[in-house]
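Structural characterization, general
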Amino acid sequence: MRAPGGPGMRRRRRAAAVALQALALGAVVVGLGVLVVLLFDVLRDGAGTLTWTFLDSFPSRRWQQAGFKAAIFGSVYLLVLVAVISFPLGVGAAVYLEEYARRSAMTRFVEINIANLAAVPSIVYGLLGLGVFVRTLGLGRSLLAGALTMSLLILPVIITAAREAIRAVPASIREGAYALGASRWQVVRHHVLPMALPGILTGTILALSRAIGETAPLIAIGALTYVAFVPESVFDPFTAMPIQIYNWVSRPQQGFHAIAASGILVLLVVMLGFNALAIVLRARMQRRSQW
Amino acid sequence: MSEAQAAQSAAEVPSGLAALSTEGLNVWYGTSHAIQDVSLTFPERSITAIIGPSGCGKSTLLRCLNRMNDFIPGVRITGRVAYRGEDIYAPDVDPVELRRSIGMIFQKPNPFPKSIYENIAFGLRINGYRGDLLPRVERSLRQAALWDEVRDRLRDSALALSGGQQQRLCIARALAIEPDILLMDEPCSALDPTATARIEDLITELKASYTIVIVTHNMQQAARVSDYTAFMLNGRLIEFGPTERIFTRPADERTEAYITGRFG
């Protein structure tokens, strides 16, 4: 069968296809290119000052002695706490909304709100955290207050991702299990969650990556930038990598700018490390849940 | 069904041995009236086929019998469905318990994405069996005529089986928890003729121990395997009686038109 239209039309169509492909390639090059340039820039500035002393020292007024230790520990503790708080809450909420809640005006209202909360600027969460956790609940400028604030920030993302993953489990699997006399919880526990887990973990990884880089809410709740100790309990004050970097960048001395670049490198490595861990975890769970 | 036909089917179908029955059953999905005033009895240890064109309510009726319709939002059911004389829609009936006695096979094979062994062990575990499950797994696989094909690969994924094998695995899975009744929703519609023949043989064998209700759009299949046949059209039960009589001397002209292939 011949396509309708003459050779002119065919040529135009081919030209359009080529143009679209070029556009898509261009988008990839620009996106990745900017990232590579940024990375090289940071490497050039920060690689020289990235020493063991830098990693193992507390902040100082002199950049030669200033280190990142408190910020590294603060961020890692914060991230672990946020994961522990937000993962069960997020997955629980998603399971409830998808598997238990009846469709009603109330659940629709909740759904719309979750979608909107994901778009609320992070500084607003910071102010909420300051009001609720720091002041009202009297947690002070503690690690726990920071973790709770961050958890609120990423919960909508986790809930939305988990719901998508749960919804992707085919209805035929649920029906098969129900027809064997499984209760709702048994269906969720043995079939829905194991099948949805890879998707849930992917969403959680993305959300946690966002949390480790967030600065505004921590500044709003008043996390300190001069912390000369490693937090020993969740009620201790803390600092985090992005805050420390922000603080160093805003100083006039060139030396601080260099160690800020070193800090960015550490932040990237820690973030990639956590992502890699989560991916390994996901792969292992996937294998196990299959058989 | 007219009163005369109702009287006739009452004489033809032994209602005293009914494992399941419906009385004046109506189902609405939102505003659409999917099942209209259906009264049927499913005699014990026999195969009852429900036939009719697509969208006539066969599957809806089947799903009322073990309360699988409960999950569909906006569904409304009136009338009575009795399992061994007890109303299954009574407030004190737990649908989870009910489904342990009334198993179901679906149109498309739906094995769990787990091993062959785990597919069967799941039903056993949630129903309280402990200890070594292998003998029971083996027994139900033998019942479903699948054991010889899978005995050496019980730990392999069920998804690696062929469509016909998957459907027999689903039957084995249902049999493992020793139900009383099996509901089958077009169990062969996704299978090739060879696999269909095997499933049909299996269904005929299972009749000795189970009451089976099978929905099919394949009239030859209904004629081959079933003892009783119900013909449905637009949500109504048109005719019900012994399969042989329905296929040779249908009382209603619409039944005759359908089984002779004039519509549907």
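Keep in mind that this is a model prediction, so the values were computed, not measured. (Residues numbered from 1 in each chain as written. Chains lettered and ligands numbered in written order. Predicted model: local features only at pLDDT ≥ 70, side-chain atom pairs only at ≥ 80, totals over all residues. Heavy atoms only, no water.)

All names here are of chain A. Entries for chain A in the domain assignment read domain 1 (7–49) and domain 2 (52–290). Of note, the centres of domain 1 and domain 2, computed from C-alpha atoms alone, are 31 Å apart. The partner domain 2 presents nine residues to the seven residues of domain 1 that form the contact. Summing both sides of the interface, domain 1 and domain 2 together bury roughly 570 Å²; the carbon and sulfur share of this comes to 79%. At the junction of domain 1 with domain 2, the criterion picks out zero salt bridges. Counting across the interface, domain 1 meets domain 2 through three residue pairs in polar contact (both at pLDDT 80 or more). A class-by-class count of the residues in the side of domain 1 that touches domain 2 yields four nonpolar, two polar and one charged. (Domains from an automatic or database assignment. Contact = heavy atoms within 4.5 Å. Buried area = accessible area lost by both parts, 1.4 Å probe. Salt bridge = Lys/Arg side-chain N within 4 Å of Asp/Glu carboxyl O. Polar contact = N/O pair within 3.5 Å; in protein donor to acceptor, adjacent residues only side chain to side chain. Nonpolar A, V, L, I, M, F, W, Y, C, P; charged D, E, K, R; others polar.)

For the rest of this paragraph, the subject is helix α3 (residues 69–100) of chain A. Spanning 32 residues, α3 of chain A covers 45 Å between terminal C-alpha atoms, matching the ideal 46 Å at 1.5 Å per step. Along α3 of chain A, the sharpest kink reaches roughly 25°, centred on S86 of chain A and followed within four residues by the proline P88 of chain A. (Helix = DSSP H or I, 4+ residues; strand = E, 2+ residues; numbered from the N terminus. Expected span 1.5 Å × (residues − 1). Bend = angle between axes of the 7 residues up to and from the residue.)

All names here are of chain A. Taken together, the side chains of V36, L39, F40, L43 and L268 present a nonpolar region at the surface, about 430 Å² in accessible area. Ranked by residue count, the leading element in the nonpolar patch is helix α1 (residues 7–46), at four residues. Structurally, L268 is set in helix α11 (residues 254–290). (Patch = residues over 30% accessible without salt bridge, like charges linked within 9 Å, V, L, I, M, F, W, Y side chains within 5 Å. Areas by Shrake-Rupley, 256 points an atom, 1.4 Å probe, with all protein chains shown as cover.)

All told, the structure shown has seven aromatic pairs over all chains when counted by the stated rule. Seen in terms of ring centroids, F73 of chain A and Y77 of chain A are 5.9 Å apart; in terms of plane orientation they differ by 65°. Their pairing is edge-to-face. With F73 of chain A and Y77 of chain A both in helix α3 and four residues apart, the pair spans about one turn of that helix. Looking at Y77 of chain A, the relative accessible area reads 33%, which means it is partly exposed. Taken together through their ring pairs, the aromatic side chains of F54, F68 and W248 of chain A make up a single cluster. The ring of Y117 of chain B has R155 of chain B lying over it, and the distance from NZ or CZ to the ring centre is 4.3 Å. Taking the ring centre of F112 of chain B as reference, the NZ or CZ of R173 of chain B above it sits at 4.2 Å. (Phe/Tyr/Trp six-rings, centres within 6.5 Å; stacked < 30°, edge-to-face > 60°. Buried < 20%, exposed > 50% of the residue type's maximum accessible area, 1.4 Å probe, protein only. Lys NZ or Arg CZ within 6 Å of the ring centre and 35° of its normal.)

Looking now at the environment of G146 of chain A. Assignment of secondary structure puts G146 of chain A in helix α6 (residues 143–167). When neighbours within four sequence positions are excluded, G146 of chain A is seen to be in contact with L78, L218, I221 and F238 of chain A.

Let us now look at the sheet that holds strand β7 (residues 181–185) of chain B. All names here are of chain B. Read across the open sheet, the six strands follow the order β6-β7-β8-β3-β9-β10; overall the sheet is mixed. Since the sheet does not close on itself, it has two edges, and those belong to β6 (102–105) and β10 (236–242), each with one partner. Neighbour to neighbour, the strand axes of the sheet diverge by 15° on average, direction disregarded. (Pairing = 2+ DSSP bridges. Axes fitted to C-alpha atoms, helices over the stretch in contact; angles between N-to-C directions.)

Residues and elements named next belong to chain B. Strands sit in the order β2-β1-β4-β5 across an open sheet of four strands; the sheet is antiparallel. A single partner strand is all that each edge strand has here, and the edge strands are β2 (32–43) and β5 (86–87). Alignment of strand β1 (residues 18–29) against strand β4 (residues 75–83), held across eight bridges, turns out to be antiparallel. When the bridges of β4 are listed, S21 appears paired with A82.

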